[in-house]
Amino acid sequence: MDYSRPELADRLAADYVSGTLRGGARRRLEALLPAHPALRHAVHDWQDRLAPLTASISPQSPPDEVWAGIEATISRRPVVVRPARRKHWWQQLLFWRSFSAFATLAAISAALLLSNPGASQPPMIVVLNATEAPADAAAQGIVAASFVASISGDGRAIVTRPLTKVTLQSDRALELWAVPPSGSPKSLGLIAADGATVVKRDQLPAGTAALAVSLEPPGGSTTGAPTGPVLYVGKLGT
Amino acid sequence: MPSSRADWSSKSEELAKLLSRAGLGDQAAFAALYRHSSAHLFAVILRINRDRAQAQDILQEVYVNVWRAASGFDAAQSQPMTWLTSIARNRAIDSLRRANAQPRLHSSHGKEDEDNDVYDDTADDSPGPLELLNQATLARQLQQCMEGLSAPQRQSLAWAYFDGLSHGEIAAKMAQPLGTVKSWVRRGLQALKPCLDKTRSGSGD
């Protein structure tokens, strides 16, 4: 199905936001959102239309224990870690310093690889190593591990696979990103934590210098950029 | 009553500031955000998942997720209340999916009877979904939009949106074929769309 078709995107988004899209269909739509901007915008528009209707529901104060539970969870994060959260990881200087040395080389080799779909290129293997594990990784039910991604010679398919068992809470999802030498990462979609995922794209975004995996809410990031911690990063062409 | 479009927007401005500070790791701002928005989100969740204990767990998860995602919130893109409400609604609807996989439990009532009205075992003084839609309608001066809907369109839409009922559940309650209910909800939404869009652009956001 062509999810960029406005009528289709609008109808699916209306079903999703009104709540009548259920079960597997709901999961599938959430999985499509990161890679389909038209669908994402349609969902956003419907949320914008319908959410104010809830203003008519009489507020109900939750018991104090709810806040106590939230506070206990969010305070577990040590203070040292917090400054790192203030910027998106890809905006941090350190990241780019460590990155710049090979960025040119990577861009060239990626460009060669990607702009040459006719030639039979061998698949490229990218190992995504665990970044500094978030301090509350254990609390989020994550076990540090690495991912391996193999990119087909024509750049149209990526297969990701965890190298060791990754356990994830049911309300979290992993999202794969293509990181360009400059600018924001582009979502490639959600990937499985417990097995292989085949990500099919018309083309890996040109000049992609690295792949990254972030921790996201079930449907993936709704903002178009990583919202959770980046768990794994792997550079192309190394 | 936070029931007018203007209140929704003005509250949103304040919440946007709190959210951006929470995104920088400011726990005091996050606590204030919780104080200002939790009663609304709890009410939204409770209407969809009527099990209080589950609703509390959902609310807690929602705010923990909001804390983690706060730095990614884009005030230029969405109103905070809309953003928060959408997160809460999604989690509440997902919890129904899980609950439906198991036999449905109503903690305070022993016997489950398919013919029981859903409202038999809910707090009596809470307004029905149709009433809510009417209140919201009045508050947002959408009377004419709502009048454009047929009565069954209005009713099925209200059950779907406020109470999280599936097409199948609405069909059972209304004793109508599934396809009929699907088209009521869908046509109801499509009929509301231009009208809601008009009020959106009219309120300047």
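Quick caveat, the model's predicted, so the values are computed rather than measured.

About the thresholds
Residues numbered from 1 in each chain as written. Chains lettered and ligands numbered in written order. Predicted model: local features only at pLDDT ≥ 70, side-chain atom pairs only at ≥ 80, totals over all residues. Heavy atoms only, no water. Helix = DSSP H or I, 4+ residues; strand = E, 2+ residues; numbered from the N terminus. Contact = heavy atoms within 4.5 Å. Pairing = 2+ DSSP bridges. Axes fitted to C-alpha atoms, helices over the stretch in contact; angles between N-to-C directions. Buried area = accessible area lost by both parts, 1.4 Å probe. Salt bridge = Lys/Arg side-chain N within 4 Å of Asp/Glu carboxyl O. Polar contact = N/O pair within 3.5 Å; in protein donor to acceptor, adjacent residues only side chain to side chain. Nonpolar A, V, L, I, M, F, W, Y, C, P; charged D, E, K, R; others polar. Patch = residues over 30% accessible without salt bridge, like charges linked within 9 Å, V, L, I, M, F, W, Y side chains within 5 Å. Areas by Shrake-Rupley, 256 points an atom, 1.4 Å probe, with all protein chains shown as cover. Buried < 20%, exposed > 50% of the residue type's maximum accessible area, 1.4 Å probe, protein only. pLDDT = per-residue confidence, 0-100. Arc of directions from axis to C-beta. Parallel < 35°, antiparallel > 145°, perpendicular 65-115°, else oblique. Left-handed = near helix turned anticlockwise from the far one by under 90°.

This brings us to the overall build of chain A. A tally of helices and strands in chain A yields six helices and eight strands. N-terminal to C-terminal, the α/β element order of chain A is α-α-α-α-α-α-β-β-β-β-β-β-β-β. At a minimum sequence separation of 6, the contacts of chain A that also span at least 24 residues come to 65%.

Turning our eyes to something else, we now look at the sheet that holds strand 2 (residues 147-151) of chain A. Residues and elements named next belong to chain A. Pairing in this open sheet of eight strands is antiparallel, and the strands run 5-4-7-8-1-2-3-6 from one edge to the other. Looking at which strands have only one partner, the edges of the open sheet turn out to be strand 5 (186-191) and strand 6 (197-200). Across the sheet, the axes of successive neighbouring strands diverge by a mean angle of 25 degrees, strand direction being ignored. Pairing analysis gives five bridges linking strand 7 (residues 210-216) to strand 8 (residues 230-235), with the strands arranged antiparallel. Bridge assignment links A212 to a residue of strand 8, and that residue is V233.

Contacts between chain A and chain B engage 54 residues on the former and 68 residues on the latter. Where chain A abuts chain B, roughly 5900 Å² becomes buried across the two surfaces, and 57% of that area is made up of carbon and sulfur atoms. The tally of links between chain A and chain B comes to five salt bridges. Viewed at the interface, chain B and chain A are joined by 18 residue pairs in polar contact (both at pLDDT 80 or more). For the side of chain A that touches chain B, the elements supplying multiple residues, two or more each, are helix 1 (6-18), helix 2 (23-32), helix 3 (37-50), helix 4 (64-75) and helix 5 (82-85) of chain A. When residues of the side of chain A that touches chain B are assigned to their parent elements, the largest contribution, eight residues, is made by helix 4 of chain A. Grouping the constituent residues of the side of chain A that touches chain B by class yields 17 nonpolar, 20 polar and 17 charged.

Here the focus is a nonpolar patch on the surface. Residues and elements named next belong to chain A. A contiguous nonpolar patch, built from I125, V127 and L163 and spanning about 270 Å² of accessible area, is present on the exposed surface. Counting through the fold element by element, V127 comes out in strand 1 (residues 124-130). A relative accessible area of 41% places V127 in the partly exposed class.

When pLDDT is low, close inspection of the predicted coordinates is not appropriate. Residues and elements named next belong to chain B. Scored by pLDDT, chain B has a mean of 79; 72% of the residues are at 70 or more. Segment residues 102-124 is flagged for pLDDT under 50; beyond a separation of four residues in sequence, or across chains, it makes 16 contacts in the model. Scored by ipTM, the complex comes to 0.80, with pTM at 0.58.

Residue and element names in this part refer to chain B. Along helix 8 (residues 167-174), the residues that are buried comprise H167, I170, A171 and M174. Seen from one end, helix 8 has its buried residues packed into an arc of 100 degrees, which puts them on one side. Phi turns positive one or two residues past the end of helix 8, at A175, with a value near 50 degrees.

Our next topic: unusual backbone geometry. Phi is positive for A175 of chain B, which is not a glycine, with a value near 50 degrees. The topology assignment puts A175 of chain B in the loop between helix 8 and helix 9 (178-202).

Here we take up the pairing of strand 2 of chain A. All names here are of chain A. In terms of burial, strand 2 is a largely internal element, four of the five residues being buried. Looking at chain direction, strand 1 and strand 2 are connected through five bridges and run antiparallel. The residue of strand 2 that forms the bridge with V127 is V148. Bridge count between strand 2 and strand 3 (residues 157-162): five bridges; the pairing is antiparallel. Looking at the pairing, A149 lines up with T160 of strand 3.

This paragraph deals with the environment of P129 of chain B. Residue placement: P129 of chain B occurs in helix 5 (residues 129-139). For the pair P129 of chain B and W159 of chain B, spaced 30 residues apart in the sequence, the C-alpha separation amounts to 6.1 Å.

Residue and element names in this part refer to chain B. At a minimum axis distance of 10 Å, the contact between helix 2 (residues 27-48) and helix 3 (residues 52-69) shows a crossing angle of 140 degrees. When the axis of helix 2 is compared with that of helix 3, the two are oblique. At the point where helix 2 passes helix 3, the crossing takes the right-handed sense. Across from Q27, F30, L33, Y34, S37, S38, L41, F42, I45 and L46 in helix 2, the residues of helix 3 making contact are R52, A55, Q56, I58, L59, V62, Y63, V66 and W67. For the contact of helix 2 with helix 3, the residue count by class is 14 nonpolar, four polar and one charged.

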